[in-house]
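Chain by chain, the residues:
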Amino acid sequence: MNFKIFAELIELKAKTASIFPFLLGLAYSLYHYQSVNLSALAIYFVAMFMFNCFVDIWDNYNDYHKAVDTDDYQKNTNIIGRENLSMGLIKSLLAFFFFGSLILGIIVALMTGWAVFWLGLLCYVVGVFYAGGPKPLSSLPLGELLSGLTMGYVIFLICLYINSSQNFVWSFANLATTFLIALPNTLLIANLMLANNTCDLEEDEANHRYTIVHYIEKKAALIWWTTALILAFVAIVVAVILGLLSPIMLLILLIAPLMIKFAKPYLQKQVKKETFISSVKILMVFQLVQVLLFFVSLIKF
């Protein structure tokens, strides 16, 4: 297996979806609590990355074995069948990434507090059953919600807690505040999954995967996708008005025209190889600008 195939197997190009919530958690820790735990944070980053790799390989592994369309999808679309990858190698990689991330996660919990363990366990449950089990979560109308919450919010929350465990208070008000800060990422990560499922609707139905798009149909899915993009900007404005974020964060409104430009091709037609990239661009650019502005707001002018 060469690096190109390995990168596709772990879906390396999509890793920014989890890396930016991590950076956002770091930035908010510095902004709100003026604290950082570099050693625990570094270990958590590796654990998070490894588990993300496990989830993507696990997803490909289960899609390969459960494919109903064995003539086309299993042999020509799924990377395991297309590249004729060894099942022994796939299982070894799954074990390495799963147990490696688990051990590192326990180390972080011992360093900071068991809240990290329980939050991490939630991610593990979602990650394992997202593609596995008799009724994978990805084949149900829950994929968008769960992927958005775990990657957009829980990763952010774990990072925030690691850095500020001595001062962090587990209260409804604090959880609501942190959720608002992480809401743009939560919405746009869920949007990425929604766009993926919208483009794959016919293929998913052929393989007996009935996502939310199957139930609400493409028109409603496109309306929600657009609404979520708008709400991502609204969430930042509300957070600034409430004094949770620096007014500098309002500069993110300047990228709204670029978001519209990215969105238009996808709204016109939903084709995986042609327009799904629109949702990827929106997520990456929004996350990048959001994190950069957050770190700029830490500078004392």
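Residues numbered from 1 in each chain as written. Predicted model: local features only at pLDDT ≥ 70, side-chain atom pairs only at ≥ 80, totals over all residues. Heavy atoms only, no water.

### What to know about the overall build of the chain
Next, step 1: Looking only at helices and strands, the chain has 14 helices and 0 strands in total.
Next, step 2: Of the regular secondary structure in the chain, the N- to C-terminal order runs α-α-α-α-α-α-α-α-α-α-α-α-α-α.
Next, step 3: Its C-alpha atoms put the chain at 60 × 45 × 35 Å along the principal axes.
Next, step 4: Counting every position in the chain, which comprises 301 residues, the buried fraction comes to 52%.
Next, step 5: The contacts of the chain with a sequence gap of at least 6 include a subset with a gap of at least 24, amounting to 76%.
Next, step 6: Entry remark: accessible area of the chain is about 14200 Å², with carbon and sulfur atoms responsible for 70%.
Next, step 7: In the chain, 18 positive and 17 negative side-chain charges are present, and the distance between their average locations comes to 7 Å. (Helix = DSSP H or I, 4+ residues; strand = E, 2+ residues; numbered from the N terminus. Buried < 20%, exposed > 50% of the residue type's maximum accessible area, 1.4 Å probe, protein only. Contact = heavy atoms within 4.5 Å. Areas by Shrake-Rupley, 256 points an atom, 1.4 Å probe, with all protein chains shown as cover. Lys, Arg positive; Asp, Glu negative; His and termini not counted. Charge placed at Lys NZ, Arg CZ, Asp CG, Glu CD.)

### What to know about the pattern of salt bridges
Next, step 1: Inspection of the entire model under this criterion finds 3 salt bridges.
Next, step 2: One salt bridge in this structure joins Glu202 and Lys218, with 3.8 Å as the shortest N-O distance. Taken as a pair, Glu202 in helix H10 (residues 201–206) and Lys218 in helix H11 (residues 212–241) lie far apart in primary sequence, 16 residues in all.
Next, step 3: We classify Lys218 as partly exposed; its relative accessible area is 24%.
Next, step 4: The shortest N-O distance in the salt bridge between Glu274 and Lys269 comes to 2.6 Å.
Next, step 5: Glu274 gets classed as partly exposed once you look at its relative accessible area, which sits at 46%. (Salt bridge = Lys/Arg side-chain N within 4 Å of Asp/Glu carboxyl O.)

### Here's the deal with the environment of Leu94
Next, step 1: Looking at where Leu94 falls in the secondary structure, it is placed in helix H6 (residues 87–112).
Next, step 2: Note on Leu94: relative accessible area 7%, which makes it buried.
Next, step 3: In this structure, Leu94 is in contact with Phe54, Ile57, Trp58 and Tyr61, ignoring residues within four places of it in sequence.

### Quick notes on the packing of aromatic side chains
Two aromatic rings, taken as a pair, are described by how far apart their centres are and by the angle between their planes.
Next, step 1: Using the criterion set out here, one finds 23 aromatic pairs in the structure.
Next, step 2: Judged by centre distance (5.2 Å) and plane angle (80°), the rings of Phe233 and Phe286 are edge-to-face. Here Phe286 lies in helix H14 (residues 277–296) and Phe233 lies in helix H11, a separation of 53 residues in the sequence. You'll find Phe233 and Phe286 in the same group, each marked buried. (Phe/Tyr/Trp six-rings, centres within 6.5 Å; stacked < 30°, edge-to-face > 60°.)

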